[in-house]
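Below are the chains, spelled out letter by letter.
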Amino acid sequence: MIDSPEKRIDKNAITAWRTTGILFGLLWYSIPVIPIIAHINKDAPIWIVILSVIVAITLHIVVGYVFPVVRWKRWKYEVTEKGVDMLHGIIIRKRTMVPVNRIQHVDTKQGPIYRKFGLSALSISTAATTHEIPALDDETASELRTLISELVRQAREDV
Amino acid sequence: MSEFKRQHPVAAITSLLGMLRQNIVPIAIFLVVGSRNTGEYFWYFFMFGILSTLVLGIFGWLLFTYRVVGDELQINKGILIRKKLYLTKDRIQVIDITEGILQRMFGLVKVEVKSAGSGTESATISAITREEAEELRSVLRGESNSSTQSIDIEHDFEVETIAKAPSQVWHLPGKDLLLAALTSGNFGVIASILGAVSGQLEEFINVENIEYITRNIPGLDNTSVYFALFLFIFIVSYILSFIGVILKYSDFKIEKNDKELTITSGLLERKHITVPFNRIQAVRFVEGVLRQPFGFGMLYAESAGYEKQNQEKSIVLLPFVKKEYLEEFFFEFLNEYTEPETDVTPPKKALFKYLRRPNYMVLILVSVLWIFWEHGWILYSLVVPFSLLGWIRFKDAELGYTDSVIKLQYRVLAKTTAILRRNRTQVAEMSINPFQKRKDLASVKLTAASGAGGRVFEIYDLEYDDALSVFKWPVEKEEVDEPAN
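Here's what I pulled together on the structure shown here. (Residues numbered from 1 in each chain as written. Chains lettered and ligands numbered in written order. Predicted model: local features only at pLDDT ≥ 70, side-chain atom pairs only at ≥ 80, totals over all residues.)

The next subject is the overall build of chain B. For chain B, the helix and strand inventory stands at 17 helices and 20 strands. Burial statistics for chain B: of 485 residues in total, 31% are counted as buried. For chain B, restricting intrachain contacts to residue pairs at least 6 apart in sequence, the fraction spanning at least 24 positions comes to 59%. (Helix = DSSP H or I, 4+ residues; strand = E, 2+ residues; numbered from the N terminus. Buried ≥ 20, exposed ≤ 12 C-beta atoms within 10 Å, placed from the backbone. Contact = placed C-beta atoms within 7 Å.)

What follows is the structure, given as structure tokens:
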């Protein structure tokens, strides 16, 4: 019997996601570009420029700094002999169950930022789809990878 | 079959023909419009295109060799990038044998061997003799290693099927074929025509042309010209879709042998599809809007064969059949599938959500249109038919399961009834948005493997507990109270 999954992903995820969010969040500042050009060339009112700058800053902070915490809080998973159970989603809650005997392969991967924080993402593929548990600490990720492969092997032998 | 060999030389022109056929609409428009505008340069360009495809085809043929070693099909191909494609028997999902018009003239067939999963490629041998194709099929199916097989099948497929004595055969009656063609309503054709034409549309539909028409034909205004144009495209695409169905499903036949289903159909182009039972991932019965009133629909099987270009990933098991026949069909042809009683439906409190759901798009679209058209608000009356659609969707949504199979019924526009087997269900998902949370509702989604990816079956707004038990169905046997069939 599986109740709602309880295991959390690594807390370092917040810092890692924040780093990514703040870095890539610089792209938000492309929003004010057009108003600024319009202000310089076409005498568009200054308040449009100010408003767009405020929007960009707000998005940068909210998406880059606040979202990672909420996202971390809302990510839970559980691996049992039956399957991999994942619960996530900030506004829409999504729960996904991948039955063990349908799993085709498991792998872990890390980008430069994840590597810096000692994190890995675990991805689980079936014949139809691929699912990912983001930001586990390296050790847990490789333990889980081994565990799932082992479970898959047992399930195969059972049949 | 141990040395590498080439296909029949006809293969060299099949790629040219295939290219021409796939792009027939753009080419036709190109010919009409292009020739008028650019004069003879256009013809040089066109001929260059044809010639280069032909030359590539010849090189492709020269460099394409294949052989069978044991139960493995090995193909070497590629002009610039050489590719070695090795497919073993146990990886193969579906084998298609097609007799195209060109192939027929030379007594040849095309063989497509499809394996599972993305990243792999289907192996297509465009032109080999029928005997070779049959031999290839029986080797790759592992049906027999004896040479008697190849003697048997020298003449026709008919002979071969009699020799193997299929246990069940189903034919599509001629009357049903006609009805199927009349009710197919394949409006995808409209979209593709419109898409192809839209680039050239301005050539024909411009203010001068419309003014010219309205001036010369009295009693016509702008709106009626547009309306007539729409009607014209509508009728043309209806006729095309009618002809399409007739060509595709003429003389449709499905046969059951001990390990597989064999489907044969087509008028000009005969297609033979072989699907082993254990490769069928799910079945789905679709009752089109025009067909449902007559109680008819189409039965598809999902298989994990990989097809790159073809949108149609599912295999048609029964092109036109009464819903009542399904139970018998499953019993005789696919006894792993049964139809469980459907006893779970969305609760009454979900009705309002069903009514609302199709309307979100209307409200957004109309609000945008209103900006461009001052009477745009009139379109808000669309809320009535869309709410009606929501209500029908609510009525149609239901599901039920046994130990081994689950049946999900829902409607988008056409009503779909999907049956999945427990150990073929790849993923189960459940989602709750804030509105659903307030009412203790949840949507549920099951995925079966199909083509290179998956096909998703989703039912919205079930009671949370019902959704949870569907969610857990693929992994938990204890939860099921009904006995296994």
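From this point on, the discussion continues.
Further remarks concern the overall build of chain A. Scanning chain A from terminus to terminus reveals 5 helices and 7 strands. Its helices and strands taken in sequence order, chain A reads β-α-α-α-β-β-β-β-α-β-β-α from the N to the C terminus. Scaling as 2.2 N^0.38, a compact globule of 159 residues should have a C-alpha radius of gyration of about 15 Å, whereas chain A reaches 21 Å, well beyond that. On the principal axes, the C-alpha backbone points of chain A span a range of 75 × 30 × 25 Å. For chain A, the residues scored as buried account for 29% of the 159 residues in total. (Rg over C-alpha atoms; globule rule 2.2 N^0.38 Å.)

Residue and element names in this part refer to chain B. Spatial strand order, E1-E2-E3-E4: 4 strands in an open sheet with antiparallel pairing. The sheet terminates laterally at strand E1 (5-6) and strand E4 (83-88), the two strands that pair on one side only. Summarising the sheet, E1 and strand E2 (residues 65-69) pair through 2 bridges and their orientation is antiparallel. Residue arginine 6 lies in a different strand from E2, and its bridge partner there is threonine 65. (Pairing = 2+ DSSP bridges.)

Right, let's get into the nonpolar core. All names here are of chain B. With 114 residues, the main nonpolar core has Val111, Val283 and Leu299 as its most contacted residues. Tallying contributions element by element places strand E19 (residues 441-450) first for this core, with 6 residues. Aside from chain neighbours lying at most four places away, what touches valine 283 is Leu299, Tyr300, Ala301, Leu317, Tyr337 and Ile419. (Core = buried A, V, L, I, M, F, W, Y, C linked by C-beta atoms within 7 Å.)

Turning our eyes to something else, we now look at the pairing of strand E17 (residues 415-421) of chain B. Residue and element names in this part refer to chain B. Within E17, 5 of the 7 residues are buried, leaving the element largely enclosed by the surrounding structure. As defined by bridge partners, strand E12 (residues 280-287) adjoins E17 across 6 bridges and the pair is classed as antiparallel. Bridging from a neighbouring strand, valine 286 pairs with threonine 416 of E17. Sheet topology places strand E16 (residues 405-411) next to E17; 7 bridges connect them, and they run antiparallel. In the strand pairing of E17, valine 405 is matched with arginine 421. Counted between consecutive antiparallel strands, the loop separating E16 from E17 contains 3 residues.

Residues and elements named next belong to chain A. Of all 6 residues that make up strand E3 (residues 83-88), 5 are buried, and the element is covered over most of its length. Where strand E2 (residues 76-79) folds back on E3, the antiparallel hairpin that results is connected by 3 residues. Strand direction decides the pairing type here: E3 and strand E4 (residues 93-99), joined by 6 bridges, are antiparallel. Its bridge partner being in E4, aspartate 85 is matched across the sheet by methionine 97. Here E3 hands over to E4 after 4 residues, with glycine 89 in that stretch at a positive phi of 115°.

All names here are of chain A. Along the chain, lysine 76 turns up in strand E2. Along the backbone, lysine 76 and arginine 115 are 39 residues apart, and their C-alpha atoms lie at a distance of 21 Å. Excluding residues within four positions of it along the chain, lysine 76 makes contact with Pro5, Glu6, Lys7, Arg8 and Leu87.

Okay, the sheet that holds strand E7 (residues 130-137) of chain A next. Residue and element names in this part refer to chain A. Here 3 strands make up an open sheet; going across it, the order is E5-E6-E7 and the pairing antiparallel. Unpaired on one side and paired on the other, strand E5 (105-109) and E7 mark the two borders of the sheet. Mean inter-strand twist for the sheet, computed between neighbouring axes without regard to direction, equals 20°. For strand E6 (residues 119-125) and E7, the ladder comprises 6 bridges, and the chain directions are antiparallel. Within E7, the position partnered with serine 120 by the bridge is leucine 136. Across the sheet, helix H1 (residues 12-24) touches E6 and E7, and the angle it forms with E7 is around 105°. (Axes fitted to C-alpha atoms, helices over the stretch in contact; angles between N-to-C directions.)

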